[in-house]
Amino acid sequence: MDRRTFLKGAGAAAGGALLGGPFAGFVARQAHAGPGPSFRDLGPVEDLRDGRVRLWLPDGFSYQSFHDNDGPEVVLDDGTSLPGRHDGMAALPGPNGDVWLVRNHEVNGNAPGGAFGPGTPYDGAALGGTTTTLVSPLGEVRESYTSLNGTQMNCSGGPMPWGAWITCEETVNGPDVGPDFTGTSNEDLEQPHGFVFEVPAGGQSDRQPIRQAGRFAHEAVAFDPVDGILYLTEDNFGFPSGFFRYLPPSDPMETGRLDDGGRLQMLAVVGRPNADLARAQPRRATFDVDWVDIDDPDPEFDPVVSNNDAIVYVGNQGRAGGAAWFSRLEGCVYDDNVVYFCSTQGGGEPEGQFGPVGDGFGNGRGQVWAYHTRGQTLQLVYESTGEEVLDFPDNVTTSPRGTLVLCEDGPADNHLRGLNRGGQIFDIAVNRLRRNDDPTVTRFGEEFAGTTFTADGHTLFVNIQASDGITFAIWGPWERIRV
């Protein structure tokens, strides 16, 4: 999530180990490399929904948008008024070649009786959650409904190989915590927040948080099916963030669900207590890692504590044991024994304070990291040299050919960028949204989020995360552009 606009408005040990997975051999190139050869130019492409240009894409690509909140109210099949803030998302196989899209709505705030949609919400006063849509690979909506409600700030998450989406709350709000960055009171909330929830494809969440996976500002998750471990990123906007893993009490590949009652741990660098990985790193920086147990992952506060105290409570336990810190960890994805994750504002000069930092912790334009699960090593894959190369990478997914697809969350033009096996950054799409009722008003600075490919790699679904959210289905000759 990008809070910079809100805050302005309110005034307010390097080594030589090679990386496994589809990026094997990549680290022989420079981790700080600039853009590679220009593969193609992007150009305006008309939306098949209505002929308007909303994206620029490579030659030969097409797209169709749907669930556009910029206009008449969108009402789902269960009577839900579609929430905005379309964010993290998973494409899971559906019937007859269609796709189940489970999509987050990163809505903050609370109000008595404020939860959207039918069913019994986790918290009747919380305004976020997920919707599920059955859609064709060409963006034709078949059905849609509420699948989780009563949560807050559902930012990203991750698809699970047993056919589910884990959605993450990027907050620690609750009746036991003071107002967050918006200044809104939490007194109306009925439950503590800051958890992850499971939503099965084509079904309903049980609306029960997996509490032992931690109460902190969750962003995204990625599951390693070999070891049965869930990896989690933290986007603690104004403070350092940690990289976590959750060891469930049973193997989800056998049970078909992620159970509560496991153990939460936080990454530490061997021999370097409290390593500052938010700052610029050496070329091909590689670290051996260990994991620090979190003894109290699920706090409830009595008396009420400030939001700043609550949001660092879990991370401080890890740092007391020597855990490393990063800048704003956001998207993460598992691919072939490697977990890739983005540090949105990493790679710059070190911060002069622990926090809070009003414009986000970190002074860089972004880093991409890789954790090699077999060797337990962490390696810097890419560090941006400037906003024209890669600007605040956020959500991430992998293509069938192993290319990373990165969503930008910068203050200016936002792109979908590719990071290929050769270490080259290149453009896949650029946001060219305009207001539907007044095309002179541009929306170019609104962020991409929720990239997810269909299982066969035919279609890339992606959202624009804004109050007037929108979802796109994009398809074309992916192999020709090496995505």
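Data block above holds the structure.
Overview of the structure. Just so it is clear, the structure is predicted and the values come from calculations on it, not from any experiment.

Definitions and cut-offs
Residues numbered from 1 in each chain as written. Predicted model: local features only at pLDDT ≥ 70, side-chain atom pairs only at ≥ 80, totals over all residues. Heavy atoms only, no water. Pairing = 2+ DSSP bridges. Helix = DSSP H or I, 4+ residues; strand = E, 2+ residues; numbered from the N terminus. Axes fitted to C-alpha atoms, helices over the stretch in contact; angles between N-to-C directions. Buried < 20%, exposed > 50% of the residue type's maximum accessible area, 1.4 Å probe, protein only. Contact = heavy atoms within 4.5 Å. Phe/Tyr/Trp six-rings, centres within 6.5 Å; stacked < 30°, edge-to-face > 60°. Lys NZ or Arg CZ within 6 Å of the ring centre and 35° of its normal. Lys, Arg positive; Asp, Glu negative; His and termini not counted. Salt bridge = Lys/Arg side-chain N within 4 Å of Asp/Glu carboxyl O. Polar contact = N/O pair within 3.5 Å; in protein donor to acceptor, adjacent residues only side chain to side chain. 1 Å grid on protein atoms, 1.4 Å probe; cavity = no way out; pocket = protein on both sides within 12 Å on 5 of 7 lines; lining within 4 Å. Points joined across faces, edges and corners; volume = space filled by probe spheres on them. Nonpolar A, V, L, I, M, F, W, Y, C, P; charged D, E, K, R; others polar.

Glancing now at the sheet that holds strand β10 (residues 196-200). Read from one edge of the open sheet, three strands run β8-β9-β10, paired in antiparallel fashion. Looking at the sheet topology across the chains shown, the edges are occupied by β8 (154-160) and β10. Taken pair by pair, the neighbouring strands of this sheet meet at an average axis angle of 25°, ignoring direction. For strand β9 (residues 164-169) and β10, the ladder comprises five bridges, and the chain directions are antiparallel. Bridged to T167 within β10 is F197.

The next point concerns the pairing of strand β25 (residues 459-465). With seven of its seven residues buried, β25 lies for the most part within the structure. Alternating residues of β25 divide into T459, F461, N463 and Q465 and L460, V462 and I464, and every residue in both groups is buried. For strand β24 (residues 447-453) and β25, the ladder comprises five bridges, and the chain directions are antiparallel. In the sheet register, T452 faces β25, and the bridge partner there is F461. Here β25 pairs with strand β26 (residues 470-475) via six bridges, running antiparallel. Opposite N463, over in β26, you have T471 as the bridge partner. Counted between consecutive antiparallel strands, the loop separating β25 from β26 contains four residues.

On to helix α4 (residues 313-320). Turning to α4, its buried residues number three or more, namely V314, G315, Q317, G318 and R319. On the buried face of α4, the contacting elements are β13 (243-247), β14 (263-269) and β15 (286-293). A positive backbone phi angle near 100° is found at G322, which sits one or two residues after α4.

With that out of the way, let us pick up the packing of aromatic side chains. Each aromatic ring pair is specified by the distance between its two centres and by the angle formed by the two planes. Within this structure, the stated rule accounts for 21 aromatic pairs. With a centroid separation of 6.1 Å and 55° between ring planes, the pair formed by F239 and F354 is classed as tilted. Here the residue F239 occupies a position in the loop between β12 (229-234) and β13, and F354 occupies one in the loop between β17 (338-343) and β18 (367-372), the gap between them amounting to 115 residues. Among the residues examined, F354 registers a relative accessible area of 33% and is labelled partly exposed. Considering the side-chain rings of F301 and Y313, the 5.4 Å spacing of their centres and the 85° angle between planes classify their relative orientation as edge-to-face. Of this pair, F301 sits in the loop between β15 and α3 (307-311) while Y313 is found in helix α4, placing the two residues twelve residues apart along the sequence. We classify F301 as buried; its relative accessible area is 14%. Geometry around F392 places R365 over its ring, the cationic atom sitting 4.3 Å from the centre. Stacked on the ring of W56, the Lys or Arg R432 has its end atom at 5.5 Å from the ring centre.

Let us now look at the sheet that holds strand β20 (residues 393-398). In spatial order, the strands read β1-β2-β23-β22-β21-β20; together these six strands make up an open sheet with antiparallel pairing. In the strand order of this sheet, the two ends are held by β1 (43-46) and β20, each with one partner. Each neighbouring strand pair of the sheet contributes to a mean axis angle of 25°, computed without reference to strand direction. Inspection of the sheet shows strand β22 (residues 415-419) paired to strand β23 (residues 425-431) by five bridges, in the antiparallel sense. What sits directly across from G418, in β23, is F426.

A word on the side chain of R103. Residue position: R103 is located in strand β5 (residues 99-105). For the buried R103, no salt bridge is present, and the opposite-charge side chain at shortest range is D87, 10 Å distant. A polar side-chain atom of R103 sits 2.9 Å from a polar atom in the side chain of H67.

Time to look at the pattern of salt bridges. Considering all chains together, one arrives at 21 salt bridges under this definition. Linking R435 and D468 is a salt bridge whose minimum nitrogen-to-oxygen distance equals 2.5 Å. Of this pair, R435 sits in the loop between β23 and β24 while D468 sits in the loop between β25 and β26, and the two are 33 residues apart along the sequence. Note on R435: relative accessible area 22%, which makes it partly exposed. D468 gets classed as buried once you look at its relative accessible area, which sits at 18%. Among the salt bridges present, the one from E446 reaches R443, with a minimum N-O distance of 2.8 Å. What makes R443 buried here is its relative accessible area of 4%. Because the salt bridges share partners, they merge into one network encompassing D70, R435, R443, E446 and D468.

There is about 40 Å³ of room inside the largest cavity. When the residues that make up the lining of the largest cavity are grouped by side-chain class, the tally is four nonpolar, two polar and four charged. Quantified by volume, the second largest cavity comes out at close to 30 Å³. What lines the second largest cavity is simply N108, G109, N110, Q152, N173, D180, T182, T184 and N186.

What follows covers the layout of surface pockets. Reported here for the largest pocket is a volume of approximately 730 Å³. Of all the elements in the fold, those that place two or more residues in the lining of the largest pocket are β4 (86-93), β8, β11 (218-224), β16 (329-334), β20 and β24.

It is worth stressing that arrangement in space is one thing and function is another; only the former is reported here.
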